[in-house]
Amino acid sequence: MSVRVAAYGICRDRDRVLLVATVEPDGARTWTLPGGRIEHGEDPIAAVVREVDEEAGLRVEVDRLLGVDARSIPASESWGGVDHQNVGIYYRVQILGGSLRPEIGGTTVDVAWTAVDAVRGLRRSALVDVGLRLDQEEPPTGHVVAAPTGGLLRH
């Protein structure tokens with residue numbers, strides 16, 4: 001089993017959310033939140049700031065911790081072909097500056113402000129739904145029920 005601990009940024013502009021697109025092994029484009037793996041010894045806040053800059057070209061600061069989500073992905077559905085657990089730490093972030101652009105030399109192929117109402121129609125990572133719910137509901141436990149995958153909603 002593999003384990004990944006990652007930090008994700010929820011960046012809102014009124015009724016829009018910042019999303020980044022990656023390309024899956026099957027060639028399909030999938031939208032997700034800017035964020036990614038926390039490096040060994042790295043603070044999670046520093047990780048989300050770094051990841052948003054790398055993937056979207058924006059300098060941000062963390063406004064607040066929204067919550068934590070853990071999900072298990074069976075080997076048959078994981079990119080690595082082994083059982084996988086992803087632990088995601090979600091932060092609300094505010095833009096300080098920068099220029100919106102996809103990652104240079106990385107896995108992000110597009111970045112866009114997307115109307116929250118339009119998110120349901122996108123092929124997307126379940127991370128997007130979890131992050132939006134944490135942002136909207138601000139549950140005291142910092143936890144929401146995992147979004148089920150299938151159809152347009154991917155692991």
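Residues numbered from 1 in each chain as written. Predicted model: local features only at pLDDT ≥ 70, side-chain atom pairs only at ≥ 80, totals over all residues. Heavy atoms only, no water.

*Asks:* An account of the sheet that holds strand β1 (residues 2-10) is requested, with residue identities and associated values reported.
*Replies:* Taken in spatial order, the 4 strands line up as β5-β1-β7-β6 in an open sheet, and their pairing is mixed. At either end of the open sheet lies a strand with only one pairing partner, and these are β5 (35-37) and β6 (58-73). Neighbouring strand axes in the sheet, compared pairwise and without regard to direction, differ in orientation by 20 degrees on average. Examined bridge by bridge, β1 and β5 share 3 bridges and lie antiparallel to one another. Within the sheet, the bridge partner assigned to Tyr-8 lies in β5 and is Gly-35. Docked against the sheet, helix α1 (residues 44-56) engages β1, β5, β6 and β7 (84-98), running at close to 100 degrees with respect to β6. Its contacts with the sheet put helix α2 (residues 126-137) on β1, β6 and β7, and the angle it makes with β6 is roughly 120 degrees. (Pairing = 2+ DSSP bridges. Helix = DSSP H or I, 4+ residues; strand = E, 2+ residues; numbered from the N terminus. Axes fitted to C-alpha atoms, helices over the stretch in contact; angles between N-to-C directions. Contact = heavy atoms within 4.5 Å.)

*Asks:* Hey, could you go over the side chain of Glu-103 for me, with residue numbers and the actual values?
*Replies:* Mapped onto the fold, Glu-103 is located in the loop between β7 and β8 (108-115). From its side chain, Glu-103 meets the backbone nitrogen of Thr-107 in a polar contact 3.1 Å long. In this view, Glu-103 contacts Glu-54, Glu-55 and Thr-108; residues no more than four positions away in its chain are not counted. (Polar contact = N/O pair within 3.5 Å; in protein donor to acceptor, adjacent residues only side chain to side chain.)

*Asks:* Describe α2, listing the residues and the values that go with them.
*Replies:* The terminal C-alpha atoms of α2 lie 17 Å apart, and with 12 residues this matches the ideal 16 Å at 1.5 Å per residue to within 8%. Most of α2 sits inside the fold, with 9 of its 12 residues counted as buried. Every buried residue belonging to α2 is among Ala-126, Leu-127, Val-128, Asp-129, Val-130, Gly-131, Leu-132, Leu-134 and Asp-135, and all of these are buried. (Expected span 1.5 Å × (residues − 1). Buried < 20%, exposed > 50% of the residue type's maximum accessible area, 1.4 Å probe, protein only.)

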